[in-house]
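Coordinate analysis (summary)
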Amino acid sequence: MGGNNRRQLIPAGIMAAALLVGWIWLPVLPAAGQLINDCLTCHEDPNLTGERDGRQISVYLDIGKYRKSMHGEMECIDCHSDLDGVEDFSHTERLEPVDCGLCHVEIAEIYNGSLHGRAVKEGGRLAPRCADCHGAHDILAVSSPDSRVTKFNIPFVCSRCHKEGTAVSETYDIPQDSILIHYSELIHGVGLFKQGLTVTAVCLVSVYERKIL
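Residues numbered from 1 in each chain as written. Predicted model: local features only at pLDDT ≥ 70, side-chain atom pairs only at ≥ 80, totals over all residues. Heavy atoms only, no water.

To continue, consider the overall build of the protein chain. For the protein chain, the helix and strand inventory stands at 11 helices and 2 strands. In the protein chain, the succession of helices and strands from N to C terminus is α-α-β-β-α-α-α-α-α-α-α-α-α. Per-residue burial over the protein chain gives 19% buried out of 213 residues. In the protein chain, the share of contacts with a sequence separation of at least 24, taken over all contacts with a separation of at least 6, comes to 42%. (Helix = DSSP H or I, 4+ residues; strand = E, 2+ residues; numbered from the N terminus. Buried < 20%, exposed > 50% of the residue type's maximum accessible area, 1.4 Å probe, protein only. Contact = heavy atoms within 4.5 Å.)

Right under this line is the structure:
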């Protein structure tokens, strides 16, 4: 064959060395979304349960809702940092609570100084964490009408704990009598629920204005 058409063959030893180097470096390359798929191997089962405080709870992840959430592009280990580096995803131990303050620094500082945050520091079993109000894998923007903490939903979120017969009302001395009913009948509730005035007052005053919640 002519010189211009002659193939330049790569010696077998060099080829083997190149493949070996590529194989060594392969594990450090990004997982390209496989981490959440590893978790879904178990957590996509709607019947999967775990245990918390002696109660059986669902540990099912609705991937459809998660992908539509504010965190839908994140990997599990971005929040569940104690899973980082774990090779066996069939874990049985309880994961550490997610620390939202790793990203939401300013809000975490405000929360830690609030009544709820201080109760958490003191070990209050009933003290609400971030997920108790905002949700966990289905967090939506506050501007979304489906958000748990959109303005129309705030009175309902707060009244889950702050009403007669709840563990909170029976544990703490917090005056509360038909709170949601009274709010709905007063000028602020009428403005919100009947007139759609989203500028009206709800239980939650902006945490940037009053750091007492």
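So much for the structure itself; the text now carries on.
What follows covers the pairing of strand S2 (residues 55–58). Consecutive side chains of a regular strand alternate in pointing toward one face of the sheet and then the other. Here strand S1 (residues 49–52) pairs with S2 via 4 bridges, running antiparallel. Bridge assignment links Glu 51 to a residue of S2, and that residue is Gln 56. Following S1, the chain reverses through 2 residues before pairing antiparallel with S2; Asp 53 in that reversal takes a positive phi of roughly 55 degrees. (Pairing = 2+ DSSP bridges.)

Throughout the structure, instances matching the rule amount to 1 salt bridge. The partner of Asp 138 in a salt bridge is Arg 148, with the nearest N and O atoms 3.1 Å apart. Taken together, the residues Asp 138 in the loop between helix H7 (130–134) and helix H8 (154–159) and Arg 148 in the loop between H7 and H8 connect sequence positions 10 residues apart. Judged by its relative accessible area of 36%, Arg 148 falls in the partly exposed class. (Salt bridge = Lys/Arg side-chain N within 4 Å of Asp/Glu carboxyl O.)

Right, let's get into the nonpolar core. Ile 36, Cys 39, Leu 40, Leu 61, Tyr 66 and Cys 76 form the largest nonpolar core, which has 6 residues in total. With 3 residues, the top contributor of residues to this core is helix H2 (residues 34–43). In this structure Ile 36 touches Ile 63, Tyr 66, Arg 67, Met 74, Glu 75 and Cys 76, once residues within four positions along its chain are discounted. Val 149, Tyr 183, Leu 192 and Val 202 belong to the second-largest nonpolar core, a separate cluster that totals 5 residues. (Core = buried A, V, L, I, M, F, W, Y, C linked by side-chain atoms within 4.5 Å.)

Listed as buried for helix H11 (residues 187–194) are Gly 189, Gly 191 and Leu 192. Down the axis of H11, the sector holding all buried residues measures 160 degrees, keeping them to one side. In this structure, H11 carries Ile 187 and Lys 194 as exposed residues pointing more than 90 degrees from its buried face. Among the structural elements, H8 and helix H10 (179–185) are those in contact with the buried residues of H11. Looking one or two residues beyond H11, the residue adopting positive phi is Gly 196, at roughly 70 degrees. (Arc of directions from axis to C-beta.)

Turning our attention to a nonpolar patch on the surface. Among the surface-exposed residues, Phe 152, Phe 156 and Phe 193 lie close enough to one another that they form a single nonpolar patch of about 260 Å² accessible area. Examined against the element boundaries, Phe 193 turns out to sit in helix H11. (Patch = residues over 30% accessible without salt bridge, like charges linked within 9 Å, V, L, I, M, F, W, Y side chains within 5 Å. Areas by Shrake-Rupley, 256 points an atom, 1.4 Å probe, with all protein chains shown as cover.)

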